[in-house]
Structure formats: structure tokens, C-alpha cells
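Given next are the chains, with one letter for each unit.
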Amino acid sequence: MRIVCIGGGPAGLYFALLMKKLHPEHQVTVVERNRPYDTFGWGVVFSDQTMASMQVWDKESADEIQQAFNHWDDIEVLFKGTRQRTTGHGFVGIGRKKLLNILQARCEALGVELVFETEVESDLQYPDADLLIVSDGLNSKIRNKYTEIFEPDLVVRPNRYIWLGTNKLFDAFTFDFRKTDHGWFQAHIYKFDENTSTFIIETTEEAYQAHGLGQMDQQQSIDFCQDLFAETLEGSELMTNARHMRGSAWLNFTRLICGKWSHFNGNSHVVLMGDAAHTAHFAIGSGTKLAIDDAIELANQFNKAGHGKDTIPDVLKTYEDIRRVDVARIQNAARNAMEWFEVVGQRYADTLPPEQFMYSMLTRSQRISHENLRLRDKEWLEGYEHWFAQQSGLQVKDNERCLPPMFTPYTLRGTTLANRIVVSPMAMYSATDGLLDDFHMVHLGARAMGGAGLVFAEMTCVSPDARITPGCLGLWNDEQIAGWKRFVDFAHANSAAKVGIQLGHAGRKGATKLAWEGIDQPLETGAWPLFSASALPYLKHSVVPKAMDRADMDRVKADFVAATRRAAETGADWLELHCAHGYLLSSFLSPLTNRRDDEYGGSHENMARYPLEVFAAVRAAWPENKPISVRLSCHDWAEGGNTPDDAAIYAQMFKDAGADLIDCSSGQVSKEEKPVYGRLFQTPFSDKIRNEIGIPTIAVGAISEADHANSIISAGRADLCAVARPHLADPSWALHEAAKIGLKSITWPKQYMSAKGQYEANLERAAAAK
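Fair warning: this is a prediction, and the values are worked out from it, not measured in the lab.

A.B. asks: Looking at this structure, how should I read the overall build of the chain?
C.D. replies: Helix and strand counts for the chain come out as 27 helices and 30 strands. Seen along its three principal axes, the alpha-carbon backbone of the chain occupies a region of about 90 × 60 × 60 Å. Buried residues in the chain amount to 61% of all 770 residues. Taking the contacts inside the chain whose residues are at least 6 apart along the sequence as the reference set, 71% of them involve residues at least 24 apart. If you sum the accessible surface of the chain, you get close to 29900 Å²; carbon and sulfur atoms cover 50% of it. Distance between charge centres in the chain, computed from 79 positive and 99 negative side chains, equals 3 Å.

A.B. asks: Whenever I open this one, the side chain of His370 confuses me. Can you help?
C.D. replies: Assignment of secondary structure puts His370 in helix α13 (residues 370–376). Look at His370 and you get buried, because its relative accessible area is 0%. Once you skip the residues sitting within four places of it in the chain, His370 turns out to touch Tyr359, Leu381, Glu385, Pro405, Asp707, Asn710, Ser711 and Ser714.

A.B. asks: Explain the pairing of strand β17 (residues 269–272) here, please?
C.D. replies: The side chains of a regular strand alternate, first on one face of the sheet and then on the other. With burial as the criterion, each face of β17 is covered, one bearing His269 and Val271 and the other bearing Val270 and Leu272. Summarising the sheet, strand β9 (residues 131–134) and β17 pair through four bridges and their orientation is parallel. Across the sheet, the residue bridging to Val134 is Leu272, located in β17. Pairing of strand β16 (residues 262–264) with β17 involves three bridges; the strand directions are antiparallel.

A.B. asks: Help me out: how do you make sense of the packing of aromatic side chains in this one?
C.D. replies: To describe a pair of aromatic rings, you give the distance between the ring centres and the angle between the ring planes. Tallied over the entire structure, the rule returns 36 aromatic pairs. When the ring of Phe173 is compared with that of Phe175, the centres are 5.0 Å apart and the planes differ by 15 degrees; the resulting orientation is stacked. Classification of Phe173 by relative accessible area gives buried; the value is 7%. Both rings, one in Tyr359 and one in Tyr384, keep their centres 4.9 Å apart while their planes meet at 25 degrees; by these two values the pair is stacked. With Tyr359 in helix α12 (residues 354–362) and Tyr384 in helix α14 (residues 378–391), this residue pair connects regions lying 25 residues apart in the sequence.

A.B. asks: I would appreciate a short explanation of helix α21 (residues 609–621) in the present structure.
C.D. replies: Because the α-helix completes a turn every 3.6 residues, residues three or four places apart line up on one side. For α21, with 13 residues, the first-to-last C-alpha span of 19 Å sits near the 18 Å given by 1.5 Å per residue. Check the buried side of α21 and you find it contacts α18 (550–570), β26 (574–579), α19 (584–589), α20 (604–607), β27 (628–633) and α22 (644–657).

A.B. asks: I would appreciate a short explanation of the sheet that holds strand β4 (residues 70–72) in the present structure.
C.D. replies: Strand pairing within a sheet occurs via backbone hydrogen bonds; the two strands may be parallel or antiparallel. Pairing is antiparallel in the open sheet, where three strands are placed in the order β3-β7-β4. This sheet does not close on itself; its edge strands, each paired only once, are β3 (43–47) and β4. Here the strands of the sheet are splayed against their neighbours by 25 degrees on average, with no regard to which way each runs. Sheet topology places β4 next to strand β7 (residues 91–95); three bridges connect them, and they run antiparallel. What sits directly across from Asn70, in β7, is Gly93. Running at roughly 80 degrees to β7, helix α4 (residues 96–110) makes contact with β3 and β7 of the sheet.

A.B. asks: In this structure, what is going on with the sheet that holds β17? I would like to understand it.
C.D. replies: Pairing is mixed across the open sheet formed by six strands, whose spatial order is β8-β2-β1-β9-β17-β16. Of all strands in the sheet, those bounded by a partner on one side alone are β8 (113–115) and β16. The mean inter-strand angle of the sheet, taken between neighbouring strand axes irrespective of direction, is 15 degrees.

A.B. asks: Looking at this structure, how should I read helix α8 (residues 218–228)?
C.D. replies: Those residues of α8 that fall on the buried side of the exposure criterion are Gln218, Ser221, Ile222, Phe224, Cys225 and Leu228. Down the axis, α8 shows its buried residues gathered within 160 degrees of arc, on one side only. Buried positions along α8 lie against β10 (152–166), β11 (173–180), β12 (183–191), β13 (197–203), α9 (230–233) and β14 (238–239). One side-chain oxygen of the residue at the start of α8 lies 3.2 Å from the amide nitrogen of Gln219, identifying that residue as Asp217.

A.B. asks: Just checking my understanding: could you explain the packing of helix α15 (residues 438–448) against helix α16 (residues 479–494) for this structure?
C.D. replies: Describing two packed helices takes the angle between their axes plus the distance from one axis to the other. Packing of α15 against α16 leaves a shortest axis separation of 10 Å and a crossing angle of 25 degrees. It follows that α15 is roughly parallel to α16 by the angle criterion. Every pair of crossing elements has a handedness; the one defined by α15 and α16 is right-handed. Where α15 approaches α16, its residues Asp438, Met441, Leu444, Gly445 and Ala448 are matched on the opposing element by Arg486, Phe487, Phe490 and Ala491. Its residues assigned to classes, the contact of α15 with α16 comprises six nonpolar, one polar and two charged.

A.B. asks: Where do I start with the pattern of salt bridges in this structure?
C.D. replies: For side chains of opposite charge, pairing can occur when their charged atoms come near one another. Scanning the entire structure with this criterion turns up 58 salt bridges. For Arg85, the salt bridge identified is with Asp171, shortest N-O distance 2.9 Å. Within this pair, whereas Arg85 is found in strand β6 (residues 82–86), its partner Asp171 is found in the loop between β10 and β11, the two being separated by 86 residues in sequence. Judged by its relative accessible area of 59%, Asp171 falls in the exposed class. Put simply, Asp520 and Lys671 hold a salt bridge, and the shortest N to O gap is 3.2 Å. Within this pair, whereas Asp520 is found in the loop between α17 (515–518) and β24 (531–532), its partner Lys671 is found in the loop between β28 (661–665) and α23 (683–693), the two being separated by 151 residues in sequence. One salt-bridge network, in which partners are shared between bridges, spans Asp74, Glu76, Arg83, Arg85 and Asp171.

A.B. asks: Could you clarify how one ought to interpret the nonpolar core in this entry?
C.D. replies: Nonpolar side chains tend to gather and get buried jointly when the protein is soluble and globular. Membership of the largest hydrophobic core comes to 201 residues, with the highest contact counts inside it found for Tyr14, Phe15, Ile65, Phe177, Leu298, Phe357 and Leu632. Of all the elements, helix α11 (residues 312–349) adds the most residues to this core, at 15 residues. Ignoring any residue separated from it by four or fewer positions in sequence, one finds Leu632 in contact with Cys579, Ala580, Leu589, Ala647, Tyr650, Ala651, Phe654, Ile662, Asp663, Cys664, Ser665 and Ser666.

A.B. asks: I keep staring at the pairing of β9 and nothing clicks. Help me out?
C.D. replies: Alternating positions in β9 separate into two faces, Leu131 and Ile133 on one and Leu132 and Val134 on the other, with burial throughout. The pairing of strand β1 (residues 2–6) with β9 spans four bridges and is classified as parallel. Bridged to Ile3 within β9 is Leu131.

A.B. asks: Could you clarify how one ought to interpret the side chain of Asn159 in this entry?
C.D. replies: Within the secondary structure layout, Asn159 lies in strand β10. Among the polar contacts listed, one links the side chain of Asn159 to the side chain of Glu202, at a separation of 3.0 Å. When near neighbours in sequence (up to four residues on either side) are disregarded, Asn159 contacts Gln186, Glu202, Thr203, Thr204, Leu251, Asn252, Phe253, Phe341 and Glu342.

A.B. asks: Is there a simple way to think about a negative patch on the surface in this case?
C.D. replies: A contiguous patch of negative charge on the surface is contributed by Asp217, Asp223, Asp227 and Glu237. The class for Asp223 is partly exposed, based on a relative accessible area of 35%.

A.B. asks: Which parts of the structure should I look at to understand the environment of Ala418?
C.D. replies: Relative to the helices and strands, Ala418 resides in the loop between β19 (415–417) and β20 (421–423). Residue Ala418 is classed as partly exposed on the basis of its relative accessible area, which comes to 37%. Considered as a pair, Ala418 and Leu454 are 36 residues apart in the sequence and their alpha carbons are 8.3 Å apart. Aside from chain neighbours lying at most four places away, what touches Ala418 is Phe407, Thr408, Pro409 and Ala496.

A.B. asks: Looking at this structure, I do not really get unusual backbone geometry. What am I missing?
C.D. replies: Across the chain, the bulk of peptide bonds are trans and the bulk of non-glycine residues have phi less than zero. A positive phi angle, close to 50 degrees, is found at Glu151, a residue other than glycine. One non-glycine residue, Ala702, lies in positive phi territory at about 60 degrees. By the secondary structure assignment, Ala702 is in the loop between β29 (697–699) and α24 (706–714).

About the criteria used
Numbers given for residues are sequential positions, taken from 1 along each chain in its written order. The predicted origin of the model limits local features to residues at a pLDDT of at least 70 and limits the giving and counting of side-chain atom pairs to 80 or more, whereas totals for whole chains, interfaces and linings rest on all residues. Note that the side-chain values use all heavy atoms of the structure and ignore hydrogens as well as water. The way it works is that DSSP assigns letters per residue, a run of H or I at least four long becomes a helix, a run of E at least two long becomes a strand, and they are numbered from the N terminus. Only protein chains enter the area calculation, which uses a 1.4 Å probe; residues under 20% of their type maximum are buried, those over 50% are exposed, and those in between are partly exposed. Between two residues, a contact is recorded if the distance between any of their heavy atoms is within 4.5 Å. The accessible surface values rely on the Shrake-Rupley method and a 1.4 Å probe; as for residues, cover is taken only from the protein chains in view. Under this rule, positive means Lys or Arg and negative means Asp or Glu; His and the chain ends count for nothing. In plain terms, the charge of a residue is placed at NZ if it is Lys, CZ if Arg, CG if Asp and CD if Glu. DSSP bridges decide pairing: two strands pair if at least two such bridges lie between them. Pairing of aromatic side chains requires ring centres within 6.5 Å, counting the rings of Phe and Tyr and the six-membered ring of Trp. Pairs whose planes differ by under 30 degrees are stacked, by over 60 edge-to-face, and all others tilted. A helix is expected to reach a length of 1.5 Å times the quantity of its residues less one. For every element, the axis is a line fit to its C-alpha atoms; helices are fit only across the contacting stretch, and the angle between N-to-C directions ranges from 0 to 180 degrees. When we speak of the arc, we mean the arc of directions from the helix axis to the C-beta atoms. Nitrogen and oxygen atoms within 3.5 Å of one another constitute a polar contact, given that in protein one can donate a hydrogen and the other can accept it, and given that sequence-neighbouring residues count only through two side-chain atoms. Oblique is the label for every angle not falling under 35 degrees (roughly parallel), over 145 degrees (roughly antiparallel), or within 65 to 115 degrees (roughly perpendicular). Left-handed describes a crossing in which the near helix is turned anticlockwise from the far one by less than a right angle; the clockwise case is right-handed. Residues are grouped as follows: nonpolar covers Ala, Val, Leu, Ile, Met, Phe, Trp, Tyr, Cys and Pro; charged covers Asp, Glu, Lys and Arg; every other residue, Gly included, is treated as polar. Here a salt bridge means any side-chain nitrogen of Lys or Arg lying within 4 Å of a carboxyl oxygen belonging to Asp or Glu. In this description, a nonpolar core means a group of buried Ala, Val, Leu, Ile, Met, Phe, Trp, Tyr and Cys residues linked to one another through side-chain atoms lying within 4.5 Å. Patch membership requires more than 30% relative accessible area and the absence of a salt bridge. Residues of like charge join within 9 Å; the nonpolar side chains Val, Leu, Ile, Met, Phe, Trp and Tyr join within 5 Å.

Next comes the structure, spelled out in C-alpha cells:
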């Protein structure tokens, strides 16, 4: 084949040398705009895993890179006068110029033609090429020529950064956080050769503007940074190799995702690679890794399918299918890390103590979990667990394993939970006339004995016309108190679990069939009138609800107050007001469901007016020494709906009104929603509200193992974790998860103690066999 690589970065050079090595008959050319053996940039980073792959694919260049690179395992964080360090992280740093020089020399040795000082304007300049590799970076001219085909999605991120260097050598990947009068700056620092370290400085647009950095020239910017980080630099100077850039040399990172990666132009197959196809933020150092991995996978597919021209279309399709998955995974992690740094000042730096700030930073990408940290640095993690346990009021001994964060106690008002795990409210549709009966006793009782700190039943309706279905629980009459009290007394007598009651009103989503008969489908007989903020049906064929008038509001508020008083009579420990998922109170909070033009519609203040009115009445009726949480839909996932920013506004309002905690869920407000699911996909909402609004939170959604819960709670992304479906599959989820992480100090119900040792032993045997 005739192969031309446009762009002499890591992707183009590495693919060129691999293809020439695998099939010397190929005629391979790399075209680069810069001069021979000349490049810009400081150090680049990739992982031990990428280095291992390079050893397999081309040992010669890998050996030379290994001789030139700097390897380190430690991460050090400088923050608020503290210096914290952890090990086991495995990074490789090398000068970008050195890396490219090694790859250039290897290409020449293999017979790859290198063409320098040539600007490629169009793919049509090489009509004889069978395969054109477009690896000319983020601003690729060829990709931009075919925007309708490649569908590039470019988003300019808000933070500013400047890429500098210093001759001071750092023996760890160092993060330095400095506060100024106008906000926080952070430096990402790592050594990449025997003389030099990369020194990337990042800040918000607001701090950038407030300090006048946009009006400074490059040297003035460098002087500013040198003064700010003088303590860390210890007399060393900051340097730039971007004198060719105009102005202050501060940049905005651009995130790129392409809808398609390849195209046949009539003569040649054109395929994107590296930054021309995708970008990953420097916060996790994966740009070079992605470029190298792209090159390896495309060469690998040719090796499998054959090196003939006829294989190109199938190879490109397979290459894209495989790489798109891994790139998405890395980009998601990079996005999480990037967003952490974008909000570090407003969300973490001013609120978290140094120990928790360090943990939050280490797990910012959500690729590194609690147990993964234990594998990397057991001593550091156990030290952190001891610190966390002490903050939770536990007495711990230095030489003993303490409780991990999810099993530490948590207190709100006069209620102390034995641990941080919540059985989430889940509709069972199994009540008759709203009564909690034997089914609920068995269902809820098993989960109370299963180790959770707090057990909620499903949304409990405040009136017969507040139900979702005829099978929903209620607290609208005194007869219903007895069933609830029976369960509360059982839970208190037979477990350490506290009991929560979630009060709600279905609103326009009421009078529907049981879930297994047709979820959200309107009842054919026996329906009741519906109310909502506005006269909008949930489904197109749903009953149109009445837009509530003042009399309706007064009646429903009275129903909530009466149900609250009944809840107090049951002896329950915790109350939650359901203001999420499109139910009645939620319908006032979203512009998708609230179209009112009176004092209950329009602004955030108006839309929250009635839910806050109900909350105030409920708070007044509920015992002062017991907490009340509020469940919010923190994202409507639909155009024109609420976003996390809106949720934060409402959370502040409920906090000001006396709410003790926000239960951070999302969605189910509109059938037009398009949620983005994934592991811990709703945790960022809890993180935002807890750390920006300063109110405790519950995280919910796709939390399915102890590692998830420990990571969330340790990092301060939530105070409690609500676990739903895993508790349906396993009533003793919390006890079993404790055993899976080797925690034997958790007490089982005395009736089941004989099974505890056997369960733990079976897990140990299975792990040993594995």
C-alpha cells in the first residue's frame, strides 16, 4: 500500500513505523509542517500500561524511550500549607521533543520517508495514496474540510491554562493549589528529563480576567505565575517555548469528539487518528496514550485482516468500532477530571479539609476507586480511613483496621444512623387501601436486618387521590398508622436500622396501572381526579390533570401535614418530602411541567413557592429532633428542562427553609427525557449540591457495590448512599458487601450468625482459587 501520514506527532510516526515494520513492502511517508527534529511542547505523560504495549509492538523504540523517560509512582499534593503524598500510581514522563525524535529516527531506520517543512492543505495533494492518516492535531485542515462527514463536535472549556517549564526537578507528579484574592490557581507539575519539569498552570476565566492576565504579554504572565508559585519553585524560573504565540499564551482546552473517523475521497481512504479524532484533557495525561493506542490498533487490524488494499474498508470500520469504546472511556474519565479542576475553587478547595481534598483529587476521574487505592497504596488509604472514622466520632487504634467510610455512623439532628447505606424508596405496588401489610413487613423487615443504616419504604401517599396506583402505600387515615408502627417497632427491636417515611403526591402521574400491568398507563376503571401545577398530561393519552387553584393547594398541604403527624405517631426516625420525578410537588419546580403565569410560575422563586410552603408546614408538624430530607430531580434530561444549576438553586431554597439533607435523584419528569446512564451517573448532582450549597446529600443511581459507596462517601461527594435494585436482589446487601471487602467486624443478626463465618470463608476460598 501507499500510506501517507499527515502530521508527524506520536500517532502518525508510530503508525508509520509499525506498518513499515510489519510489512516492509508498504511505501510509507510522514509529512510534517515543522523542521527536521524540531517540535514544540514540554513533557508528555502516559501510563505503564501504554509503555508495556509499546514493548510488545516495537521493542527497539520502546527500549530507547525507556532509557529516556522518567518514571514515578508518587503523587504529591500541596494544599493549604500541607504536603501529602501517596504512591503506586505508575506514570511515564518524557520530553515531547525527545519522544518524537526517537520515533523519527526509528522511522528512518525502517525506511519510512519523512518530509518536513511541508504544510498539507488538502487530502487531494496525495492522489496516489491508498491510505491517508490524518494525524495533524486538533485544528486538522483535512478534518475541517469534511465536517459534514466526520461530524466534529468541539466544545471550548471555560478554564484557562498556560504550558510552561522549569529547571527545578520534582520527584513526584505534583499538584500545587494556590489561593489569590480573585480565586484559585493550580499547577500540574512533573519531571520529564534530567534537566526539566513541565509546569502547567490552570485557573478559571473569572480569576484570569480579574488578575488582568488577558492584558499581559507572555513574559508578564510568566512573572505573575513565578511569583504565585515562588514557594514551590524555590528560586527556579519558569520558562516558555511558545514565544511564537501572540499575547499572554494562556489557552482554553477544546474537547473534540467526532461522529465518524474515516472517509473515501474517491482516490484514498482517509482516517482520523490522535487529536484530529479526539482530545482528552491533560488532567489525566492521556492525549499521547490515545494517539499511540490508535496507531497500535489500526496496525493490529491490518495485521489480522491482511495488508492488501482490499482490506482497508473493513479494517477501518473495525478499528473505529474498537477504538471508539476505549476512547469514550478515557474521554469520560478525562471529562470528570477536567470538570473537577474547573470547579475546584467553588466546590472543594474552600470546603473540604486537606485530607478529604486529597482523596477527592485522587479519585476525580472516577477511574480510581476506594479498593483500587488500597491496591496502589494500602498504608495511605488505611491512614485516610482512620482519619475519616475519627471525624465520624469513632475511637480507632492505629494498629487495627477501622470501619471504612460507608460503615461509619452518621448523625443528623437527634438521629444517628449506624452506617451510611440507605435502602432507597422503591414502589412495590402491593398495598391494599394504602395499608402496610404482611408483604411489606417481610420485604422491609428483611432489609432492615440486612445491615442498612436507614430503610425507606416506597413513596407513601398523603391521600387516596395522591396515589400513583391502587397498590401504593398511604398515611391518610389512622388505621394505616398501625401497620407502619408494627414495622417501625420490629426494625428497632431486631436491627440497628432506622426507619424513614417518604411522603409524596403523584400529581399528574397518578391513577395508573400496577407496574407489571402497564407502567404509567392510565387506569381503565376506578380512576380518580388528577392535580398538577399545570393542565399537562404525562403521556399523550394520559388524563389531563387540573391545574391546582388555591383551594386545591390548601387541601393538599393539609393532607401533607396530617400525614406528617401520623408518621410521627409511628415512631419513624426520618421523614422525606418527595419533590422529584414529576410528581405533584416536582411538577411545580420544572418549566417542563409548570406553565403557570401567576405567582406560582415563571421564576425559580415562584415555581418553588408552593413546594416550600408545603415543606414549611411539614417541618412544623414533624418532631424538631428528627431530620427531614427533600428528594429533588437534579436533571430533567430534556431540552428546556431543569439542569443541575437549577437544582442547586432549589437546594439552597430548601436549605434556607430548614431542610437537613437533599436526596439527589434525576429524571422521570418528562417522557421526552434522554438520560445519560452509567456507573454512578447521578453522583455528580450530589457532589455539586453538597459542596457548593453546603448541605448534606444522598447519592443515588447505579451504586451497586461497597467500592462505589466508599469512594463516594470518602471523597465527600455525598454523606449517604441510597442503594435500590441491588437491595431487591439481595436483602442483606450491606452485610454481604462488608464480607466481600474482608470486613469481619460487622455484626450480623444473632439468628444468622452461624452463616457469617461460612459466607466469609467461601469468599476467601473463591478469591484464592481465582
